[in-house]
Amino acid sequence: MMWLSGGFVFRRGESAYHQLDPRVKLLISILMFATTLLAKAVYEMGLVIAFMLAVATVATVLRRVARTMLLTATFSAFIFIVNILVTKNLETSSLYATRFVAIVVSTSLFFITTSPDELEQVMKTFRLPRDVVFAFVTAVRFIPVMMLDTVQIMDAQKSRGLELDKGNVFRRVRNMIPILIPLVVNSVIRSGELAEAMESRAYGAVPKPTSLVEYRASTRDRLVVLASIAFFVVVAYSFYFVPPLQLP
Amino acid sequence: MANVLEIEKLNFTYVDTWKKVVSDFDLAVPEEEVVVLAGPSGCGKSTLLRAVNGLIPHMYGGQYSGSVTVAGKSVKDTPMRDLAQTVGFLFQNPENQIFMFSVERDIAFGLENLGVPRPEMRKRVDEAISLLGIEHLAQRAPHELSDGQKQRVALAGVLAMRPRLVILDEPTSLLDPRTAAELVELVGRLRKETGATFVIVEHRLDLVTRVADRMVVMDRGAKVLDGTPSQVLFGDEAELYGIAVPAATRLQKLLAKDGAVGTDRLMGPEELAAETGRGKK
Ligand SMILES: Nc1ncnc2c1ncn2[C@@H]1O[C@H](COP(=O)(O)OP(=O)(O)OP(=O)(O)O)[C@@H](O)[C@H]1O
Ligand SMILES: [Mg+2]
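Since this is a predicted model, take the numbers as computed values, not measurements.

Conventions we followed
Along every chain, residues carry numbers that run from 1 in the direction the sequence is written. Following the order in which they are written, the chains are lettered starting with A and the ligands numbered starting with 1. Per-residue local features of the predicted model are confined to residues with pLDDT of at least 70, and side-chain atom pairs are confined, for both listing and counting, to 80 or more; whole-chain, interface and lining totals are unaffected and use all residues. The side-chain values count all of the structure's non-hydrogen atoms but skip hydrogen atoms and water molecules. Secondary structure is summarised from DSSP: a helix means a run of H or I of at least four residues, a strand means a run of E of at least two, and numbering begins at the N terminus for each. Between the two quantities, the radius of gyration covers C-alpha atoms and the globule rule is 2.2 Å times the number of residues to the power 0.38. Three labels apply to residues, based on accessible area from a 1.4 Å probe with only protein chains included: buried if under 20% of the type maximum, exposed if over 50%, partly exposed otherwise in between. What makes two residues a contact is simply this: any of their non-hydrogen atoms within 4.5 Å. Accessible surface area values rest on a Shrake-Rupley calculation with a 1.4 Å probe, where residue burial reflects the displayed protein chains alone. Note on charges: Lys and Arg go in the positive column, Asp and Glu in the negative column, and His and the chain ends are not counted at all. A charge is said to be at NZ when it belongs to Lys, at CZ for Arg, at CG for Asp and at CD for Glu. Any two strands are treated as partners once DSSP identifies two or more bridges connecting them. Helix axes are fitted only over the stretch in contact, all axes being lines through C-alpha atoms; the angle between N-to-C directions runs from 0 to 180 degrees. In protein, a polar contact means a hydrogen-donor-capable atom and an acceptor-capable atom, both N or O and within 3.5 Å, with residues adjacent in sequence counting only if both atoms are side-chain atoms; elsewhere, any N or O pair within 3.5 Å suffices. Pairing of aromatic side chains here covers Phe, Tyr and the six-membered ring of Trp, requires ring centres within 6.5 Å, and sorts the geometry by plane angle: under 30 degrees stacked, over 60 edge-to-face, intermediate tilted. In this text, buried Ala, Val, Leu, Ile, Met, Phe, Trp, Tyr and Cys residues form a nonpolar core when linked through side-chain atoms within 4.5 Å. We count a salt bridge whenever a side-chain nitrogen from Lys or Arg sits within 4 Å of a carboxyl oxygen from Asp or Glu. Domain delimitation follows an automatic or database domain assignment. Patch membership requires over 30% relative accessible area and the absence of a salt bridge. Like charges are linked within 9 Å, and nonpolar side chains (Val, Leu, Ile, Met, Phe, Trp, Tyr) within 5 Å. Between 65 and 115 degrees an angle is taken as roughly perpendicular, under 35 as roughly parallel, over 145 as roughly antiparallel, and anywhere else as oblique. A clockwise turn of the near helix away from the far one marks a right-handed crossing, whereas an anticlockwise turn of less than a right angle marks a left-handed crossing. Polarity classes work like this: nonpolar for Ala, Val, Leu, Ile, Met, Phe, Trp, Tyr, Cys and Pro, charged for Asp, Glu, Lys and Arg, and polar for all others, with Gly in that last group. Whether a residue is near a molecule or strand depends on its heavy atoms: it is near if one of them lies within 4 Å of it.

Quick word on the overall build of chain B
Helix and strand counts for chain B come out as 11 helices and 10 strands. Taking 281 residues into account, the globule formula puts the C-alpha radius of gyration at 19 Å, and chain B, at 20 Å, falls close to it. Reported as C-alpha extents along the three principal axes, the dimensions of chain B are approximately 65 × 50 × 35 Å. Across the 281 residues that make up chain B, the buried fraction comes to 54%. A sequence separation of at least 24 residues applies to 64% of the contacts in chain B between residues at least 6 apart. In the form shown here, chain B has an accessible surface area of approximately 12000 Å², with 49% of it arising from carbon and sulfur atoms. Taken as two groups, the 34 positive and 39 negative side-chain charges of chain B have centres that lie 1 Å from each other.

Considerations on the sheet that holds strand β7 (residues 165-169) of chain B
All names here are of chain B. Ordered in space as β6-β7-β8-β3-β9-β10, the 6 strands form an open sheet in which the pairing is mixed. Either end of the sheet is taken by a strand with one partner, and the two such strands are β6 (87-90) and β10 (222-227). Each neighbouring strand pair of the sheet contributes to a mean axis angle of 20 degrees, computed without reference to strand direction. Direction of pairing for β6 relative to β7: parallel, over a ladder of 4 bridges. From the neighbouring strand, Phe 89 faces β7, where its bridge partner is Ile 167. Packed onto the sheet, helix α1 (residues 45-53) meets β3 (34-38), β6, β7, β8 (197-201) and β9 (214-219) and runs at close to 155 degrees relative to β7.

Some words on the side chain of Glu95(B)
Turning to its location among the elements, Glu95(B) is positioned in the loop between β6 and α4 (103-114). Side chain to side chain, Glu95(B) and Lys150(B) meet in a polar contact 3.0 Å long. Setting aside its immediate chain neighbours within four residues, Glu95(B) contacts Arg141(A), Phe142(A), Val145(A), Arg190(A) and Lys150(B).

A closer look at the packing of aromatic side chains
The final tally for this structure, using the stated rule, is 12 aromatic pairs over all chains. Ring centres 6.4 Å apart and planes at 55 degrees place the aromatic pair Phe75(A) and Phe100(A) in the tilted group. Of this pair, Phe75(A) sits in helix α5 (residues 62-87) while Phe100(A) sits in helix α6 (residues 90-113), placing them 25 residues apart in sequence. Among the residues examined, Phe75(A) registers a relative accessible area of 45% and is labelled partly exposed. Residues Tyr203(A) and Phe109(B) carry aromatic rings whose centres are separated by 6.3 Å and whose planes lie at 15 degrees to one another, so their mutual orientation is stacked. Within this pair, whereas Tyr203(A) is found in the loop between α11 (177-200) and α12 (219-241), its partner Phe109(B) is found in helix α4, the two belonging to separate chains. Classification of Tyr203(A) as buried rests on a relative accessible area of 18%. Owing to a relative accessible area of 1%, Phe109(B) belongs among the buried residues under this scheme. Every member of this aromatic cluster is reached through a ring pair, and the members are Phe134(A), Tyr203(A), Phe99(B) and Phe109(B).

What about the nonpolar core?
The biggest cluster of nonpolar side chains holds 59 residues, and the ones touching the most others in it are Ile107(B) and Met215(B). In terms of residues, this core owes the most to one element, helix α7 (residues 177-194) of chain B, which gives 7 residues. Met215(B) has contacts with Val36(B), Ala38(B), Leu205(B), Leu225(B), Asp226(B), Gly227(B), Thr228(B), Pro229(B), Val232(B), Leu233(B) and Ile243(B), leaving out every residue within four places of it along the chain. Of all hydrophobic cores here, the second largest spans 48 residues; its members include Phe134(A), Phe25(B), Leu27(B) and Val199(B).

Topic: the pairing of strand β1 (residues 3-14) of chain B
Residue and element names in this part refer to chain B. Alignment of β1 against strand β2 (residues 22-30), held across 6 bridges, turns out to be antiparallel. Across the sheet, the residue bridging to Glu 6 is Ala 28, located in β2. Of the strand pairs in this sheet, β1 and strand β4 (residues 62-70) are connected by 8 bridges, and their pairing is antiparallel. Bridge pairing in β4 links Ile 7 to Val 68.

A closer look at the pattern of salt bridges
Two side chains bearing opposite charge may form a pair once their charged atoms approach each other closely. One pass over the structure, following the stated rule, counts 32 salt bridges over all chains. Residue Asp106(B) pairs with Arg201(A) through a salt bridge whose shortest N-O separation is 3.5 Å. On the criterion of chain membership, the pair formed by Asp106(B) in helix α4 and Arg201(A) in the loop between α11 and α12 is interchain, its members lying in two chains. Note on Asp106(B): relative accessible area 0%, which makes it buried. By relative accessible area, Arg201(A) is classed as buried at 5%. A salt bridge links Lys253(B) to Asp236(B); the nearest nitrogen and oxygen atoms lie 3.2 Å apart.

Description of the domain arrangement of chain A
Assigned domains within chain A: domain 1 (2-114 + 216-240) and domain 2 (121-200). For domain 1 of chain A and domain 2 of chain A, the distance between their C-alpha centroids amounts to 31 Å.

Describing a nonpolar patch on the surface
All names here are of chain A. Taken together, the side chains of Phe 78, Ile 81, Val 82, Leu 85 and Val 86 make up a nonpolar region of the molecular surface, amounting to roughly 530 Å² of accessible area. Within the fold, Val 82 resides in helix α5. Here Val 82 falls in the partly exposed class, since its relative accessible area comes to 39%.

A few points about the packing of α5(A) against α6(A)
Residues and elements named next belong to chain A. α6 packs onto α5 with a crossing angle of 150 degrees between their chain directions and a minimal axis gap of 8 Å. Between α5 and α6, the angle falls in the class roughly antiparallel. Both α5 and α6 take part in a crossing whose hand is right-handed. Grouping the amino acids of the contact of α5 with α6 by side-chain chemistry returns 15 nonpolar, 10 polar and 1 charged.

Examining the packing of helix α3 (residues 22-38) of chain A against α12(A)
The description of two packed helices rests on the angle between their axes and on the distance between the axes. Residue and element names in this part refer to chain A. At a minimum axis distance of 10 Å, the contact between α3 and α12 shows a crossing angle of 5 degrees. Accordingly, the angle class assigned to the pair α3 and α12 is roughly parallel. Between α3 and α12, the residues in contact are Val 24, Leu 27, Ile 28, Leu 31, Ala 34, Thr 35 and Leu 38 and Asp 221, Val 224, Val 225, Ser 228, Ile 229, Phe 232, Val 235, Ala 236, Phe 239 and Tyr 240, respectively. Class assignment for the residues of the contact of α3 with α12 results in 14 nonpolar, 2 polar and 1 charged.

A look at the site of ligand 1
All names here are of chain B. Lining the immediate environment of ligand 1, one finds 14 residues, of which Ser 41, Gly 42, Lys 45, Ser 46 and Thr 47 sit closest. Here Lys 45 contributes a side-chain N or O atom positioned 2.9 Å from an oxygen atom of ligand 1. One nitrogen or oxygen atom from the side chain of Glu 170 is found 3.3 Å from an oxygen atom belonging to ligand 1. For ligand 1, whose free accessible area comes to 640 Å², the fraction covered by protein is 65%.

Pasting the structure below:
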């Protein structure tokens, strides 16, 4: 849970990276993701991760990304152990383990620097149906509300004597029921009220709604796109065609 | 003056139920009036408001007879998208009427849905923001707002559509007393500045009677009292219908018996004290 909120939930930031067009940020993350698939040696993966950390520094989110990396390392260690048991190959096992970390970091960089409004814009660029985009926006919008709801219900039930962390696994799962039922009931009521409010504000009135904010790629965005693609081509070429360094 | 809202012989029963929730209801509201609608819980206030903005019969099915006309449009025969521009609806729970991730975008929500061109939309959003004095909130996310601020934002979203009639369903019931008082005062100011007409369902009568011109009491789906707030509250029937007559009003009524004060208008506690010679001079 902490891993998820720390590593993937947007928080407002002022850095130049935050200001980039969301589509550019998506492109950068996709290119970084692609690079992790091309790296064939652990030191190459190390370089990729170092580059991502540099980007994180520019985006002033280094601490969050570093924490996510540490938390990811647990999964990563698991991948490493399974791999080494199966392949008995130290080199590929460590490659897979570090690749996993790199993939998480590249994805996380996109999500923590892109606001839900910008995500909406990205989805619109892909011409997803309005209903799908809107469902996504409200889902993200209500994450903090639902979290608060859950905490309140848990407190209320605890004060009425519910013991959440007592007993064996089955007992604990059963203990979740008094939490889940009010949560579901709340959500049903909430969705009814949301539907009324949407109708009252002309949701679905015209097939092509307009938008208050306009995202237009600036010259800086274009330059960043060109530079990223050029850099990617060079890196991909060297990873792919230049034989890996032989470590002594 | 022309009536913004006309309800004639309205009857409504929700689909799959047997109880008539609104029965033979008549009401005419002239332009720029502020009307309080009161009545015991479950008497059909919310249902009546739904029938005014078109949620009934467009979203809720049921047995419907009679007519509701808003600014000359028959609600039954006008699609929701047209009604949305004529009637604004502020709901009880501020949380569940804010959709977007930033205040500004949310205020624009209705206008975006209507396909209003960007420059016009910008103008109307800014206008609504300054009308409510929430310039400092424009870029915030909903979870960064207090309940009172959320309710203001929701009201801005409603006003950005420039409705002729604004209906509010217990807009202060989740707010603390001070924030509630501010919201009610805001309604008084908005009426002057926008020229819109307001119908408010509200239990805190001491607050709302300060801005209301008229009070309608409903009981079991029917209109039982209709007059100025002082006519309704000084009458003997209001309490029979479970209306919580404010303490100051009850005091004024008692004092009026020995002729100490008049009953032509409602007075607040300070004014009553001053009138009877016991207040600060
Ligand atoms: N969607 C619905 N379907 C069926 N019955 C409903 C529905 N909504 C409300 N009712 C019933 O209609 C009656 C009037 O409800 P309504 O919500 O209009 O009352 P109200 O005066 O607003 O009450 P409150 O002060 O509690 O908000 C109630 O008996 C209620 O159970
Ligand atoms: Mg109600």
